[in-house]
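Coordinate inspection notes
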Amino acid sequence: MQITEKHLADIALCLKELADEAAIQKNMTQQSIAGTNRVITVFTLLGSIIVLTIFYYFIAFNKGVSHSVESMNTIKKQMADLRDSMDIITFSVDEVGQNISYVNLMSTNINSMGKSTSGIVNSIYSISKQTHQLAQDTQWIRYNATIINQYFGHLNYSISNVSQSLHEVAKPIDQFFPLP
């Protein structure tokens, strides 16, 4: 078979059409690549913004937890001081109660002296009633002070548990963001 000019012209035409089609495909491929690159760039920027935002909130959360732990430690110390003060008040109330029991003993001794002086006996009897009533009243004060002391003990224990829990919550964050 002989190749004629017409065959060569047909082959050239086919090759030209193929080249034109390849150029069109190349142009479309470049446009797809450019579009894909733009989408990737946009999503990369958005992802970076999201990661930076999350990182910022982790730092803020870490600072907040650290501040809370410090505040709880301060409250715990203040509650311990308050409990110590309540212990001192309870001790003082106990001392008053003991002193009042001495007044009752003195009243008994004075009653023996009162046999000779009836006017003193009547006055001391009245004082004895009043001191006995005062002893009962201070007994309730002492009892209430003890109850208040127990409540502060429970409160101090609860605050200590909250402080410990916050400290435990902050431990995972300390692993990722250790404080200097």
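Thresholds applied
Per chain, the residues get numbers from 1 upward, laid out in the order the sequence is written. Where local features are concerned, this predicted model is filtered to residues with pLDDT of at least 70; where side-chain atom pairs are given and counted, the filter is 80 or more; whole-chain, interface and lining totals use all residues. Water and hydrogen atoms were dropped before computing side-chain values, which therefore reflect all heavy atoms in the structure. Runs of H or I in DSSP of at least four residues are treated as helices and runs of E of at least two as strands, each being numbered from the N terminus. Exposed residues in this analysis have more than 50% of their type's maximum accessible area, buried residues have under 20%, and partly exposed residues fall in between, with area computed by a 1.4 Å probe over protein chains only. A contact between two residues is defined here by any heavy atoms of the two lying within 4.5 Å. What sets the accessible areas is the Shrake-Rupley method with a 1.4 Å probe; for residues, cover comes only from the shown protein chains. Aromatic contacts are taken between Phe, Tyr and Trp rings whose centres are within 6.5 Å, Trp giving its six-membered ring; a plane angle under 30 degrees counts as stacked, one over 60 as edge-to-face, and the others as tilted. For this document, the term salt bridge refers to a Lys or Arg side-chain nitrogen within 4 Å of an Asp or Glu carboxyl oxygen. Residues form patches when they are more than 30% accessible in relative terms and have no salt bridge. Like charges link within 9 Å. Nonpolar side chains (Val, Leu, Ile, Met, Phe, Trp, Tyr) link within 5 Å.

1. Let's talk about the overall build of the protein
Each helix and strand counted, the protein has two helices and zero strands in total. Across the 180 residues that make up the protein, the buried fraction comes to 13%. Put simply, of all contacts in the protein between residues at least 6 apart along the chain, 85% involve residues at least 24 apart. For the protein, the computed accessible surface area is about 14,100 Å², with 66% contributed by carbon and sulfur atoms.

2. What about the packing of aromatic side chains?
Under the criterion given, the structure shown has one aromatic pair. Seen from their ring centres, tyrosine 56 and tyrosine 57 are 5.5 Å apart, and the 65° between their planes marks the pair as edge-to-face. Note on accessibility: tyrosine 56 and tyrosine 57 belong to one class, exposed.

3. Looking at the pattern of salt bridges
Scanning all chains against the criterion turns up two salt bridges. A salt bridge links aspartate 20 to lysine 16; its shortest N-O distance comes to 3.4 Å. Here aspartate 20 pairs with lysine 16, and both are found in helix H1 (residues 5-113), just four residues apart, close to one helical turn. In this structure, the salt-bridge partner of aspartate 81 is lysine 77, at a minimum N-O distance of 3.3 Å.

4. What to know about the side chain of asparagine 149
Within the secondary structure, asparagine 149 is located in helix H2 (residues 118-176). Residues within four places of asparagine 149 in sequence aside, it is in contact with Arg83, Met86 and Asp87.

5. A few points about the environment of phenylalanine 152
Mapped onto the elements, phenylalanine 152 comes out in helix H2. Taking the C-alpha atoms as reference, phenylalanine 152 lies 8.6 Å from methionine 86; in sequence the two are 66 residues apart.

6. So, a nonpolar patch on the surface
Together, Ile3, Leu8, Ile11, Leu15 and Leu18 give the surface a local cluster of nonpolar side chains, amounting to about 520 Å² of exposed area. In this structure leucine 8 comes out as partly exposed when scored by relative accessible area, which is 49%.

7. Some words on the environment of leucine 155
Its location among the elements puts leucine 155 in helix H2. Overall, leucine 155 belongs to the partly exposed group, its relative accessible area being 40%. Along the primary structure leucine 155 and methionine 79 are separated by 76 residues, whereas in three dimensions their C-alpha atoms are 7.9 Å apart.

Functional significance is not addressed by these values, which are geometric in nature.
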